[in-house]
Amino acid sequence: MGNVFRRYWMPAALSSELPEPDGAPVRVRLLGEDLIAFRDSDGKVGLVEAFCPHRRAPLFFGRNEHGGLRCVYHGWKFDRTGKCTDLPTEPPDSTYKDKIRLDCYPTWEGGGVVWAYLGPPETMPSPPDFEFIRAAPNHAFMSKSIQDCNYLQALEGGLDSAHAQIMHVPNIGDNSLAWLGDYEQTVPQLTVEKTDYGFSYSGIRAKSGQQWVRIYQYIMPVTQMRGRIAPLRRGDAPPKIPTICGHLWVPMDDVTTAVYNFIYSYDSATPMTPEFAMENEIADGRGPDELLPDFRLKRNMANDYLIDREVQRTRSFTGIAGVNTQDVALQEGMGRILDRSKEHLGSTDRAITTMRQLLLEATHMVEAGQMPRGAHPESYRGVRAVDHLIPEGQDWREALKEELRARF
Ligand code: FES
Ligand SMILES: [Fe+2]
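Quick caveat, the model's predicted, so the values are computed rather than measured.

What counts, and at which threshold
- Residues numbered from 1 in each chain as written.
- Chains lettered and ligands numbered in written order.
- Predicted model: local features only at pLDDT ≥ 70, side-chain atom pairs only at ≥ 80, totals over all residues.
- Heavy atoms only, no water.
- Helix = DSSP H or I, 4+ residues; strand = E, 2+ residues; numbered from the N terminus.
- Buried < 20%, exposed > 50% of the residue type's maximum accessible area, 1.4 Å probe, protein only.
- Contact = heavy atoms within 4.5 Å.
- Salt bridge = Lys/Arg side-chain N within 4 Å of Asp/Glu carboxyl O.
- Core = buried A, V, L, I, M, F, W, Y, C linked by side-chain atoms within 4.5 Å.
- Domains from an automatic or database assignment.
- Donors = N, O, S within 2.8 Å, 3.2 Å for Na, K, Ca; no water.
- Tetrahedral: all angles 85-135°; square planar, octahedral: opposite > 155°, others 65-115°.
- Polar contact = N/O pair within 3.5 Å; in protein donor to acceptor, adjacent residues only side chain to side chain.
- Buried area = accessible area lost by both parts, 1.4 Å probe.

## Points about the side chain of Arg356
- Relative to the helices and strands, Arg356 resides in helix 8 (residues 350-367).
- The class of Arg356 is buried, set by a relative accessible area of 18%.
- With near-sequence residues (within four places) excluded, Arg356 lies in contact with Glu156, Arg340, Glu343 and Leu345.

## With respect to the pattern of salt bridges
- Tallied over the full model, the rule gives 31 salt bridges.
- Between Asp387 and Arg214 there is a salt bridge, with its nearest N and O atoms 3.4 Å apart. Here the residue Asp387 occupies a position in strand 19 (residues 386-391), and Arg214 occupies one in strand 15 (residues 210-219), the gap between them amounting to 173 residues.
- Residue Asp387 is classed as buried on the basis of its relative accessible area of 2%.
- Taking the relative accessible area as the measure of exposure, Arg214 reaches 10% and is therefore buried.

## Quick look at unusual backbone geometry
- The amide bond that connects Met220 to the next residue, Pro221, takes the cis arrangement and shows omega of 0 degrees.
- Positive phi, close to 50 degrees, is recorded for Leu31, a residue that is not glycine.
- Within the secondary structure, Leu31 is located in the loop between strand 2 (26-30) and strand 3 (33-39).
- Of note, Tyr305 is a non-glycine position whose phi angle comes to about 55 degrees, a positive value.
- Residue placement: Tyr305 occurs in the loop between helix 5 (274-284) and helix 6 (309-314).

## So, the nonpolar core
- In terms of nonpolar packing, the biggest core is built from 68 residues, with Leu30, Phe132, Phe199 and Tyr218 touching the most fellow members.
- A total of 6 residues in this core trace back to one element, the largest contributor, which is helix 8.
- Split by domain, this core shows at least three residues from each of two domains, domain 1 (2-123) and domain 2 (131-399).
- Those residues in contact with Phe199, other than ones at most four positions away along the chain, are Leu159, Val192, Glu193, Lys194, Tyr216, Gln217, Tyr218, Ala351, Thr354, Met355 and Leu358.
- Judged by nonpolar contacts, the second largest core, of 15 residues, contains Ile36, Phe38, Cys71 and Cys84.

## Things to note about the coordination of the iron ion (ligand 2)
- Only His163 (NE2), His168 (NE2), Asp327 (OD) and Asp327 (OD) from the protein coordinate the iron ion (ligand 2), and they sit 2.0 to 2.6 Å from it.
- Classification of the site at the iron ion (ligand 2) rests on its 4 donor atoms, whose angles at the metal span 55 to 152 degrees, yielding the label irregular.
- Read N to C, the donor residues that coordinate the iron ion (ligand 2) are spaced as H-x4-H-x158-D. You can see His168 sitting in the loop between helix 4 (164-167) and strand 13 (189-194) and its partner Asp327 sitting in helix 7 (residues 323-333), a full 159 residues away along the chain. Summarising the burial analysis for this pair, His168 and Asp327 share the class buried.

## Considering helix 3 (residues 151-159)
- Most of helix 3 is tucked away: 9 of the 9 residues are buried.
- If you check which residues of helix 3 are buried, you get Tyr151, Leu152, Gln153, Ala154, Leu155, Glu156, Gly157, Gly158 and Leu159.
- Its side-chain oxygen placed 2.9 Å from the backbone nitrogen of Leu152, Asn150 serves as the N-cap of helix 3.

## With respect to the domain arrangement of the protein
- With domains assigned, the protein is organised as domain 1 (2-123) and domain 2 (131-399).
- If you look at the interface, domain 1 gives 23 residues, while domain 2 gives 24 residues.
- Buried surface at the junction of domain 1 and domain 2, both sides included, amounts to about 1,900 Å², of which 75% is carbon and sulfur.
- One salt bridge connects Arg29 with Asp253, and the closest N-O pair in it is separated by 2.6 Å.
- Scanning the region where domain 1 abuts domain 2 turns up 8 residue pairs in polar contact (both at pLDDT 80 or more).
- Elements supplying a minimum of two residues to the side of domain 1 that touches domain 2: helix 1 (2-5), strand 1 (9-14), strand 2, strand 10 (107-110) and strand 11 (113-117).

Pasting the structure below:
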């Protein structure tokens, strides 16, 4: 699977982690590798191995000076392409410098993210091309959090739309499942359709004489995209800004996942206000008071996510604050790598099983020298998710044809 992931551009850091040229380097752990990212004097991001080729001193402590990163142990200096540009411990006429290289990977910036490609140069696709990258900067917002489990159980949580109506319910008023009576048809009619980029996953529910259509997109290997148009509960006002949001669950290594959370306004006349983006972060459990400087949550496994049993008894289903914190609690609580031989999957797990089939298919394709689905950005650049109420009896494919096409 590591080889599969090395056919895609992957998020390595938020652009905001490297706010200025010649600023402090940051540690990056990606696909099991320890790397260092630094923004050089030209403003371009270098992503290099974390240890100096001389005697393997940590480059995290390096000086990011004019045009490169200098190891502070003996002063060897490298530019963002890994070329050794200064070797002060050798005689001035030495050519040793030309033989020394620092391993590095190509980077590309867009959508508030530094993307990296860790695969063979000959299979490098063109840069990522999601709609959230093309949206105007004042229309989009990106954040990051880190969770301590394998990426797959986090990704599975994101594709498991059935839990949203149960686990994330914030106001049950009692301890029963009675609120589910709000929907005349609680169990959605699910369709999973494989595509060139992964799959499109539709859930249709009858709701007060209308059809509630939610279409999630799975863009291989780790992206989920969903709409947020209809209010989640009867009586709630629709969100002020029509948005599409989602996550990318990026393996730092087998037991640690960096989650990139995007949200953007898909209406060109309605920018995403910083207040709206922050409201969303707070609702998800990543507000300024919840996120530690290392991108981990203050509510974590060590403190049982500060579960409040009284709140659980009387109000929210989990008693845990923060929608995504609830997800993290369940996903991390499964163990760092879940033993799936003990699962018993049901009919609403079809998206999960399809995703697993696609990832396994990708391993075979890469072994056979082919590009896996979704590696070429052309396959997903026009893709959008929707969340819409449409009149009963209408064919949703026809009714939402325009809504399903990216317009930025
Ligand atoms: S270990 Fe880096 S210069 Fe010597
Ligand atoms: Fe969730």
